[in-house]
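Structural overview for review
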Amino acid sequence: MNRISFLVLAAAVGALGAATVVAPFARSHGGAATQGATAADVIPTASAAQPDDAVARGRYVVAIADCNGCHTPGFAQNGGTTPERERLVGDAIGWQGPWGTTYAPNLRLFFAAVDEDAWLATARQREFLPPMPTSSLRAMSDDDLRAVYRYVRSIGAAGVPAPAHLPPGRVAAGPVVAFPAPPQ
Ligand code: HEC
């Protein structure tokens, strides 16, 4: 595992440690799964605030897939303590390699501008450049992808666009994380 992967993984583990982020999903999921439970057990989720369930699930998926690790400025360095209202606004740190320089875009603006089905098509088909973990999106169920969409929409549009992708050979104006040449 290279150093970058390790840092990203470490950030994901840090996010998982935030029990308050995970707990609401665990509760509602448990409630939905216990069909044979007594009325008292199911009352909190019985009238199935379906959208709220999706939002909580989306928050959980975003936490375990560490979307914030790249799409939230400083998140990987501050142990995931960025307040939710400031998350996923994109970052001006460049990721440099044979693909040129990429920037993690502002997902608050991206999701505000796309409809849910178009998002599913993007997640299934677009060839994202590194280090965007395309495999992570491809591994998600449709329900997970819809939940991510509803969660990010629920926190609303915010921030400004991240810098645009620079093709190979173009010098980046700001700081970059430079990937070493791949092993021969
Ligand atoms: C390791 C860093 C990293 C992580 C982790 C990461 N992304 Fe990305 N993401 C990027 C980069 C860099 C791009 C730009 C890729 C490109 O230019 O093709 C990107 C692009 C995107 C885009 C396209 C947005 C647009 O405006 O076109 C979406 C949507 C997205 N990521 C969602 C996610 C989600 C959801 C997660 C969590 C499952 C996630 N990303 C995790 C780095 C990351």
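Model, not experiment: these values are computed from the prediction.

1. Topic: the overall build of the protein
In terms of helices and strands, the protein carries nine helices and three strands. Listed by position from the N terminus, the elements making up the protein come as α-α-α-α-α-β-β-α-α-α-α-β. Taking all 184 residues of the protein together, the buried fraction comes to 28%. Restricting to contacts in the protein with at least 6 residues of sequence separation, those with at least 24 account for 73%.

2. Some points on the site of the ligand
Surrounding the ligand, one finds 22 residues, the nearest of these being Ala 65, Cys 67, Cys 70, Pro 105 and Met 132. Broken down by secondary-structure element, the contributors of at least two residues to the shell around the ligand are α5 (68-71), α6 (107-112) and α8 (134-139). Per-element accounting of the shell around the ligand gives the leading share, three residues, to α5. Grouping the constituent residues of the shell around the ligand by class yields 16 nonpolar, five polar and one charged.

3. A few points about the sheet that holds strand β3 (residues 176-178)
The three strands are arranged β2-β1-β3 in an open sheet whose pairing can be described as mixed. If you trace the sheet from one side to the other, it starts and ends with β2 (100-102) and β3, each paired once. Between one strand axis and the next, the sheet turns by 25 degrees as a mean value, whatever way the strands run.

4. Things to note about the nonpolar core
Side chains that are nonpolar tend, in soluble globular proteins, to be buried together. Membership of the largest hydrophobic core comes to 20 residues, with the highest contact counts inside it found for Val 62, Val 148, Tyr 151 and Val 152. Counting only elements with at least two residues in this core, the list comes to α4 (50-64), α6 and α9 (142-155). Counting residues per element, this core draws most heavily on α4, which supplies seven residues. Excluding anything up to four places from it in sequence, Val 148 contacts Gly 58, Val 61 and Val 62.

5. Some remarks on the packing of helix α7 (residues 116-125) against α9
Helix packing for two helices is described by the angle between their axes and how far apart those axes are. At their nearest, the axes of α7 and α9 sit 10 Å apart, and the two run at 120 degrees to each other. Taken together, the axes of α7 and α9 are oblique relative to one another. As α7 packs across α9, the resulting crossing turns out to be right-handed. Here Glu 116, Trp 119, Leu 120 and Ala 123 of α7 come into contact with α9, specifically with Asp 142, Leu 145, Arg 146 and Tyr 149. Here the residues of the contact of α7 with α9 are counted per class, giving five nonpolar, no polar and three charged.

6. Points about α9
In this model α9 runs 20 Å from its N-terminal to its C-terminal C-alpha over 14 residues, within 8% of the 20 Å that 1.5 Å per residue would give. Those residues of α9 lying buried are Leu 145, Ala 147, Val 148, Tyr 149, Arg 150, Tyr 151 and Val 152. After α9 finishes, the residue Gly 156 shows a positive phi value of roughly 85 degrees.

Cut-off values and rules
The residue numbering used here restarts from 1 in each chain and proceeds along that chain's sequence as written. Note on the predicted model: pLDDT of at least 70 is required for a residue's local features to be given, and 80 or more for side-chain atom pairs to be given and counted; whole-chain, interface and lining totals, by contrast, use all residues. Comment: elements are numbered from the N terminus, with helices defined as DSSP H or I runs of at least four residues and strands as E runs of at least two. Field definition: a residue is buried when 20 or more other C-beta atoms are found within 10 Å of its C-beta, exposed when 12 or fewer are, and partly exposed for counts in between, with C-beta atoms placed from the backbone. Once C-beta atoms are placed from the backbone, any two residues with those atoms within 7 Å are in contact. Placing the C-beta atom from the backbone, one calls a residue near a molecule or strand if that atom lies within 6 Å of it. Under the scheme applied here, ten amino acids are nonpolar (Ala, Val, Leu, Ile, Met, Phe, Trp, Tyr, Cys and Pro), four are charged (Asp, Glu, Lys and Arg), and all others, including Gly, are polar. Any two strands with at least two DSSP bridges between them are considered paired. Axis lines are fitted through C-alpha atoms, for helices just across the contact stretch, and the angle between N-to-C directions can take any value from 0 to 180 degrees. The nonpolar core criterion groups buried Ala, Val, Leu, Ile, Met, Phe, Trp, Tyr and Cys residues into a set whenever they are joined through C-beta atoms within 7 Å. Roughly parallel refers to an angle under 35 degrees, roughly antiparallel to one over 145, roughly perpendicular to one between 65 and 115, and oblique to any angle outside these ranges. Definitions for this section: a left-handed crossing has its near helix turned counterclockwise from the far helix by less than a right angle. A right-handed crossing has that turn clockwise. To estimate the expected span of a helix, subtract one from its residue number and multiply by 1.5 Å.

This is a description of form; function is not addressed.
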